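Chain residues, written in single-letter form:
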Amino acid sequence: MMDDRPIPNVLTIAGSDPSGGAGIQADLKAFSALGAYGTSVITALTAQNTCGVRGVHPVPVEFIRLQLDTLLDDVMIDAVKIGMVASREVAETIRDALQSRRPRWIVLDPVMVAKSGDILVDDAGIAAVREVLVPLADLITPNLPEAAVLLATPTATSRDEMLAMAPGLAGLGAESVLLKGGHLDDEDCPDLLVESGRATWLAGTRIATSNLHGTGCSLSSAIAAHLAQGDTLPQAIAAAKQWLEAALIESRRLDVGQGHGPVHHFHRWW
Ligand SMILES: Nc1ncnc2c1ncn2[C@@H]1O[C@H](COP(=O)(O)OP(=O)(O)OP(=O)(O)O)[C@@H](O)[C@H]1O
Ligand SMILES: Cc1ncc(CO)c(N)n1
């Protein structure tokens with residue numbers, strides 16, 4: 001059957017994860033699994049596996065700028081997902097590049113800590129992301145510890161405490177916020193969408209798996225891929241959550257590492 005629908009271009013600006021479950025690698029897999037053409041600008045190399053992070057090697061800021069300018073001078077980007085940003089200089093470089101050639105959609109995952117508990121971005125980097133990049137974003141996707149750091153409040157431990165964070169999160173300056181409830185000690189996995197000051201619960205069934213490496217990266221990239229194809233924000237989030245739930249379930253077929261393994265991004269294909 002002929003299919004003439006145009007395929008959108010999506011960009012990830014993030015760090016590399018050699019184990020393939022998080023960072024740039026997860027983002028490109030999510031874009032490809034969900035019908036978007038993936039491009040990437042790498043902000044840092046990490047030496048990590050499913051058990052932990054052994055090293056971080058930041059890409060010099062001038063070379064991040066060169067990657068961004070070289071790509072954006074040539075390729076029209078429909079949606080961008082921003083992940084690991086570790087310094088103010090990098091945050092400002094990304095802001096400047098995106099302001100002159102702004103994609104329709106900017107999704108920001110405020111990455112701070114890997115699933116292993118290792119720190120990827122220090123306090124100064126986090127402050128820079130909050131001040132420089134969050135106000136540019138159509139959507140930010142903090143998990144509970146990330147939301148607590150962004151607001152300088154204790155980490156929410158219940159749905160009521162998640163709801164209580166909504167006004168503060170809305171005040172950070174992004175258009176919308178998806179507060180992810182994966183870290184809640186709850187039999188479900190509820191996420192809270194805060195859009196135009198309105199908070200909506202998005203239900204999620206908690207899947208019993210330790211394959212949780214890169215769930216946040218994969219979700220934000222899946223949302224960007226759907227937005228680039230014309231979905232509204234609530235449609236894109238619903239579709240991305242449905243895809244991630246199946247990717248978590250089908251991760252049982254993967255045998256990757258001894259720690260927190262990856263999700264199965266391509267479960268719809270193989
Ligand atoms: N065990 C689980 N079962 C089903 N959904 C889950 C589970 N854990 C997390 N999720 C969902 O996955 C998405 C990502 O949430 P999570 O809080 O794990 O992100 P994260 O901590 O940023 O991930 P990472 O840092 O590993 O990239 C959310 O929609 C969350 O509700
Ligand atoms: C490079 C990279 N980005 C983000 C995360 C968060 O999951 C990770 N573990 N590694």
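Residue positions are given per chain, counting from 1 as you read along its sequence in written order. Numbering of ligands from 1 and lettering of chains from A proceed in the order in which they are written. Per-residue local features of the predicted model are confined to residues with pLDDT of at least 70, and side-chain atom pairs are confined, for both listing and counting, to 80 or more; whole-chain, interface and lining totals are unaffected and use all residues. Derived side-chain values reflect all non-hydrogen atoms in the structure, with water molecules and hydrogen atoms excluded from consideration.

Moving on, we get to the site of ligand 1. For each residue, the test is whether any non-hydrogen atom lies within 4 Å of the molecule or strand; if one does, the residue is near. The environment of ligand 1 is formed by 19 residues, the closest being Asn143, Lys180, His183, Asp191 and Ile207. Under this definition, polar contacts are N or O atom pairs within 3.5 Å; protein pairs additionally need one hydrogen-donor-capable and one acceptor-capable atom, and for neighbouring residues in sequence, both atoms have to be side-chain atoms. The separation between an oxygen atom of ligand 1 and a polar side-chain atom of aspartate 191 is 2.6 Å. A distance of 3.4 Å is found between an oxygen atom of ligand 1 and a backbone nitrogen or oxygen belonging to cysteine 217. Where helices and strands are cited, they refer to DSSP runs of H or I of at least four residues and of E of at least two residues respectively, numbered from the N terminus. Sorting the residues of the shell around ligand 1 by element identifies helix H7 (215-228) and helix H8 (233-250) as the ones contributing at least two each. Broken down by element, the shell around ligand 1 gets its largest block of residues, four residues, from H7.

Attention now goes to the pattern of salt bridges. Criterion for a salt bridge: a side-chain nitrogen of Lys or Arg within 4 Å of a carboxyl oxygen of Asp or Glu. In total, this model carries 13 salt bridges according to the counting rule given. Among the salt bridges present, the one from arginine 5 reaches aspartate 3, with a minimum N-O distance of 2.6 Å. The classification of residues rests on relative accessible area computed with a 1.4 Å probe and restricted to protein chains. Under 20% of the type maximum is buried, over 50% is exposed, and intermediate values are partly exposed. A relative accessible area of 63% means that arginine 5 is categorised as exposed.

This part covers empty space enclosed by the protein. Lining residues are defined by having an atom within 4 Å of a point belonging to a cavity or pocket. Those points lie on a 1 Å grid over the protein atoms alone, cavities being sets where a 1.4 Å probe fits but cannot get out and pockets being open sets with protein on both sides within 12 Å along at least five of seven lines. Grid points are joined across faces, edges and corners, and a volume is the space filled by probe spheres set on the points. Taken as a whole and judged by the stated rule, the model has one cavity of 30 Å³ or more. The volume enclosed by the largest cavity comes to roughly 50 Å³. Residue lining of the largest cavity: Gly83, Val85, Asp109, Pro110, Val111, Met112, Val121, Ile126, Val129 and Leu150, and that is the complete set. For the lining of the largest cavity, a count of residues per class yields eight nonpolar, one polar and one charged. Residue classes follow a fixed rule: Ala, Val, Leu, Ile, Met, Phe, Trp, Tyr, Cys and Pro count as nonpolar, while Asp, Glu, Lys and Arg count as charged, and any other residue, Gly among them, counts as polar.

Turning our attention to the sheet that holds strand S1 (residues 9-16). Taken together, the nine strands give an open sheet; going across it, the order is S3-S2-S1-S4-S5-S6-S7-S8-S9, and neighbouring strands pair in mixed fashion. Strands at the two margins of the open sheet, each flanked by one partner only, are strand S3 (53-58) and strand S9 (198-202). Being paired, for any two strands, means DSSP has found at least two bridges between them. Here strand S2 (residues 37-48) runs beside S3; their pairing, made up of five bridges, is antiparallel. Each bridged residue has a counterpart across the sheet, and for alanine 44 the counterpart in S3 is proline 58. A contact between two residues is defined here by any heavy atoms of the two lying within 4.5 Å. Lines fitted to the C-alpha atoms define the axes, with helices restricted to the stretch that makes contact. Angles between their N-to-C directions range from 0 to 180 degrees. Set on the sheet, helix H1 (residues 23-33) makes contact with S1, S2 and strand S4 (79-82); between it and S1 the angle comes to about 160 degrees. The sheet contacts of helix H2 (residues 61-72) involve S1 and S2, and relative to S2 the element is tilted by about 170 degrees.

Moving on to the nonpolar core. Nonpolar side chains tend toward joint burial in soluble globular proteins. Throughout, nonpolar core names a set of buried Ala, Val, Leu, Ile, Met, Phe, Trp, Tyr and Cys residues whose side chains join them through atoms within 4.5 Å. Counting 52 residues, the largest nonpolar core has Leu11, Ile82, Ile94, Leu133 and Ile140 as its most contacted members. Sequence-distant contacts of isoleucine 140, that is, excluding residues within four places in its chain, are made with Leu108, Val134, Leu150, Leu172, Ala174, Ser176, Val177 and Leu178. Val10, Val107, Leu219 and Ile223 belong to the second largest nonpolar core, which has 29 residues in total.

A few words on H2. Between its first and last C-alpha, H2 extends 16 Å over 12 residues, near the 16 Å set by a 1.5 Å rise per residue. For H2, the full list of buried residues reads Val61, Ile64, Gln67, Leu68, Leu71 and Leu72. Projected down its long axis, H2 shows its buried positions confined to an angular sector of 120 degrees, all on one face. Tucked inside the fold, the buried residues of H2 contact S1, S2 and helix H3 (88-100). Expected span, for any helix, means 1.5 Å times one less than how many residues it has. The directions from the helix axis to the C-beta atoms are what the arc is built from.

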